[in-house]
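# Breakdown of the fold
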Amino acid sequence: MIAMSVLTWRVALQVGDVNLFLNDPDSRQVAEAEVMVAEPCARRKGLATEALVLMFRYAQRNLAIHRWDERA
């Protein structure tokens, strides 16, 4: 899990998290990502997008993940 944090008034506040799941036992190249922004004050600021981009980049470069499953 990667926690999204924001420095506000010199106090770190965890506003949500991003998770990476490797659910397919037949392929370690397929993953599912989940993002949650829990704090209403942190929503609609692009934090989830930025966290997902970083997660995707890390997974592609370091874990050889090339396919993502989507769930609602």
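For the structure itself, consult the block above.
Here we summarise the structure given alongside this text. (Residues numbered from 1 in each chain as written. Predicted model: local features only at pLDDT ≥ 70, side-chain atom pairs only at ≥ 80, totals over all residues. Heavy atoms only, no water.)

## What to know about the side chain of Asp17
Going by this rule: Labels follow the DSSP assignment, with helices taken as runs of H or I lasting at least four residues and strands as runs of E lasting at least two, numbered in each case from the N terminus. Categorising residues by exposure relies on relative accessible area from a 1.4 Å probe, with only protein chains included: less than 20% of the type maximum marks a residue as buried, more than 50% marks it as exposed, and the intermediate range marks it as partly exposed. The charge count includes Lys and Arg as positive and Asp and Glu as negative, but it does not include His or the ends of the chains. Counted as salt bridges are all cases of a side-chain nitrogen of Lys or Arg within 4 Å of a carboxyl oxygen of Asp or Glu. Think of a polar contact as two N or O atoms within 3.5 Å of one another; within protein, one of them needs to be a possible hydrogen donor and the other a possible acceptor, and neighboring residues in sequence only count if both atoms come from side chains.
As for its placement among the helices and strands, Asp17 is situated in strand β2 (residues 11–21). In this structure, Asp17 is buried with no salt-bridge partner, the nearest side chain bearing the opposite charge being Arg43 at 11 Å. Within the structure, the side chain of Asp17 is placed 3.0 Å from the side chain of Asn19, a separation counted as a polar contact.

## Describing unusual backbone geometry
The phi angle at Arg44 is positive, at roughly 65 degrees, despite the residue not being glycine. Here Arg44 is to be found in the loop between β3 (30–37) and α1 (47–63). The phi torsion at Ala64 lies on the positive side, around 60 degrees, for a residue other than glycine. Along the polypeptide, Ala64 turns up in the loop between α1 and β4 (67–69).

## Topic: the pattern of salt bridges
Applying the stated rule across the entire model yields one salt bridge. The partner of Asp69 in a salt bridge is Arg67, and the shortest N-O contact between them spans 3.5 Å. Judged by its relative accessible area of 47%, Arg67 is partly exposed.

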